[in-house]
Amino acid sequence: MDLMTHSEIFFKKYCANSEIKCISIQTGKSKTPDYELIIDGQRIIVEVKEVDRNKDEKESLRQYGREERTGVPGDRVRRKIWQASAQIKGLTQEIYPSILVLYDLTWGGHLNPYSIRVAMYGLEQIHINVPVNPSGRPHFKGMSYGPKRKMTEEDNKSISAIGVLSTPGPNEIVLYIYHNKFAAVPLDPKLLAKYGIQQFVLEDKMLGKTAKWKEWTV
């Protein structure tokens, strides 16, 4: 029997403290998601993964006693989405909603709302209009989401939401949910709202701007 990771231990504790029915999924020959939640008769597939220090962060911690994060914003989240997508899809079969729950084992920063957003929907791009006439002045045209997006109308639709698990204090476990607007089977926010879980959805698209997270309310 495999030992539970730190993230799985905290997730199980969170469910127990919140009185959410959480059932371990028996693993077979192929890799399967970790758990299923049963809320008001609805089955929700859950995969739990954790973000650990990479080689550069470990070396920075060893030499200077602090972590120096490098790389493209959201890269750690993108990697976890890529790792989890196929196994989640195999079990949900576009019938059940799912949550990819992430936990940060480092000193933080990899799972902030901005990193989650650009990992899901792409890096933000600023568009500048450069006049043909050299005497003209460039001007700002707007912003949009660009490359490195993991959630699209064709990609990773089986992941209904990304959950961020954190432990801000002793005996304190918090879960935030970020809904995927492209989910094949959306996760009904009302199912989790009864447990006081903060949930976020993307704003409606606005011309020339990148939509930001807004908290979901009843």
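Residues numbered from 1 in each chain as written. Predicted model: local features only at pLDDT ≥ 70, side-chain atom pairs only at ≥ 80, totals over all residues. Heavy atoms only, no water.

(A) Looking closely at unusual backbone geometry. Its identity as a non-glycine residue notwithstanding, E19 has a phi of 60°, on the positive side. Here E19 is to be found in the loop between α1 (6-18) and β1 (21-24). The class of E19 is exposed, set by a relative accessible area of 70%. The phi torsion at D40 lies on the positive side, around 50°, for a residue other than glycine. For D40, the location among the structural elements is in the loop between β2 (35-39) and β3 (42-51). (Helix = DSSP H or I, 4+ residues; strand = E, 2+ residues; numbered from the N terminus. Buried < 20%, exposed > 50% of the residue type's maximum accessible area, 1.4 Å probe, protein only.)

(B) Summary view of the packing of aromatic side chains. For the structure on display, the rule yields eight aromatic pairs. Seen from their ring centres, F10 and Y103 are 5.2 Å apart, and the 45° between their planes marks the pair as tilted. Remark: Y103 occurs in strand β4 (residues 98-104) and F10 occurs in helix α1; sequence separation between them is 93 residues. Using a relative accessible area of 22% as the deciding quantity, one classes F10 as partly exposed. Plain terms: the ring middles of Y121 and F182 are 6.1 Å apart, the flat faces sit at 65° to each other, and that makes the pair edge-to-face. (Phe/Tyr/Trp six-rings, centres within 6.5 Å; stacked < 30°, edge-to-face > 60°.)

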